[in-house]
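Next come the chains, spelled out residue by residue.
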Amino acid sequence: MSTDRLSPLDASFLHIEDGVSHMHIGTVAIFEGPQPPFTDFVAMVEAKLPLVPRYRQVVQFVAFDLGRPVWVDDPHFDLEYHLRRTALPAPGGDTELRTLVGRVMSQPLDRSKPLWEIWVVEGLQHGRWAMVAKTHHAMVDGIAGTDLLAVIMDLSPDGLRPEATAWTPGPTPTAGQLVAESLLNVVRSPYEQLRAVQASTEAIRHALSHAAEVGRGVVAMTGLVRATPVSSLNGPIGPHRRYAWATTSVDDVKKVRQSLGGTFNDVVLAAITNGFRQLLLSRGEESDRVVRTLVPVSVRPRDASGKAVGDGTFQNKLSAMFAELPVNLEDPIERLHAITHQMEGLKESKQAVAGEALTSMSGFAPPMLLALGMRLATRAAQHNVNTVTTNVPGPQFPLYAAGRKMLRAFPYVPLGGQIRIGIAIFSYNGEVNFGITGDYDSTGDLDVLSGAIEAGMAQMVTLTR
């Protein structure tokens, strides 16, 4: 028997999930009208399912945590359970849609079924409709999630759709078989785990073969033991979520980058910095501080232009850097330059390389220790990290669902530990869209943050003139 076992990082997203931290990511997509018949939408997804086998698989855990969980075909797979239909109350504007997204994302995914849902939302203003996609982080990271979005959807309004084919699930391993295989892996672990590391991505092999780089990264990350000042950005969270968004254009970000300096990501972080500055000031808190953010970094293979490319899998391939947003700086140009200088230093310090190397090394740890370690790491981060900001480049061409053009798309990022606000950035077809997740009880002013992000971009664009 050979099983499809979750990677240590994928498994960690299941281990850190609890009653208030739901580890699913998502996309809120808005489409032009008229809305297609729901049966057409179901047929579109059903025809694409053979391209993403994971969508018909469930997680099966190993008894006593003797091994990492495995993916197995769901013998009771029912597409109608995963494709859902709802409608907005009048007037069907942005406020109503954001409220719906917050409620949908507040509910955990059922682990006894494949870990995804797609909601078709009717009743948007101006004859539009929306799709809210929800996928567990154990299935896919942000960049792979973009690949899935492209697979499920079409590249043209009359995209050719393969005929739906009959599907027969594979055999489900018994609990005893999984335990036996896990024990066998433990017995031969010095050989099998070393082979697994050697078969890892080129980026991981590079990191492991350059111990000096990893060492510098570990030294840089030790600075995180210094707790950030007490702030309303951190504290206990509940299971319910608020959702907001902000938007700008790819052209405006490029204009700022070319005129004022920095990278695309630096400009985006500078706009977010203004958002947090204004949010803290509106709450009567001092801005004479920094806001520390976890910045997930993809370690997927890259092409000659530096763009991350797929490798035929949908596993998570993530590391992280930790940046300090200079909310104490009022001048937009100073903020941008401070971020640029800092990000260059972080890249030089090899934080992401160290993070990925240490993540891959966790494959050597027994699964029970991995589960415990992830829980402890989450708790430790609550005093040292204020927020998370993740930037995922999306397709710069239009996508279609059942013949309708996707007008815009906003990402959703989960919350964990005592982080009350998280921001995800997704670029699509000329737009850069910020999806902002907030803890329901403590972020009733989330619109202040979203409005100040747009205002921060507008300030920088004005300075380019």
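Reading the values: the criteria
- Residues numbered from 1 in each chain as written.
- Predicted model: local features only at pLDDT ≥ 70, side-chain atom pairs only at ≥ 80, totals over all residues.
- Heavy atoms only, no water.
- Pairing = 2+ DSSP bridges.
- Helix = DSSP H or I, 4+ residues; strand = E, 2+ residues; numbered from the N terminus.
- Contact = heavy atoms within 4.5 Å.
- Axes fitted to C-alpha atoms, helices over the stretch in contact; angles between N-to-C directions.
- pLDDT = per-residue confidence, 0-100.
- Buried < 20%, exposed > 50% of the residue type's maximum accessible area, 1.4 Å probe, protein only.
- Lys, Arg positive; Asp, Glu negative; His and termini not counted.
- Salt bridge = Lys/Arg side-chain N within 4 Å of Asp/Glu carboxyl O.

1. Section: the sheet that holds strand β2 (residues 24-31)
Strand order in the open sheet formed by six strands is β5-β6-β7-β2-β13-β12, and the pairing between neighbours is mixed. Each edge of the sheet is formed by a strand with only one pairing partner; in this case those strands are β5 (83-87) and β12 (400-401). Of the pairings in the sheet, the one linking β2 to strand β13 (residues 404-412) comprises six bridges and is antiparallel in character. In the strand pairing of β13, Val28 is matched with Phe410. Each of β5, β6 (116-122), β7 (129-136) and β12 touches helix α2 (residues 38-48); the most contacted strand, β5, lies at about 150° to it.

2. Section: the confidence of the model for the protein
Looking at the protein, the pLDDT average stands at 79 and 71% of residues meet or exceed 70. Predicted confidence for residues 302-312 stays below pLDDT 50, and this span has 15 contacts to residues more than four positions away or in other chains. Counted against residues more than four places away or in other chains, residues 314-318, with its pLDDT under 50, gives 36 contacts.

3. Focus on unusual backbone geometry
With an omega of 0°, the peptide bond between Gly33 and Pro34 qualifies as cis. Considering the arrangement of structural elements, one finds Pro34 in the loop between β2 and α2. Residue Pro91 is reached from Ala90 by a cis peptide bond, and omega for that bond is 10°. Looking at the element boundaries, Pro91 is found in the loop between β5 and α4 (94-105). Unusually for a residue other than glycine, His126 sits at a positive phi of about 65°. Within the fold, His126 resides in the loop between β6 and β7. Residue His126 is classed as exposed on the basis of its relative accessible area of 71%. Here the phi dihedral of Asn429 falls at roughly 50°; this positive angle occurs in a residue that is not glycine.

4. Focus on the side chain of Arg277
Within the secondary structure, Arg277 sits in helix α11 (residues 264-282). Among buried charged residues, Arg277 stands out as having no salt bridge; its nearest opposite-charge side chain is Glu330, 4.1 Å away. Sequence-distant contacts of Arg277, defined by excluding residues within four places in its chain, comprise Ser287, Val327, Asn328, Leu329, Glu330 and Arg335.

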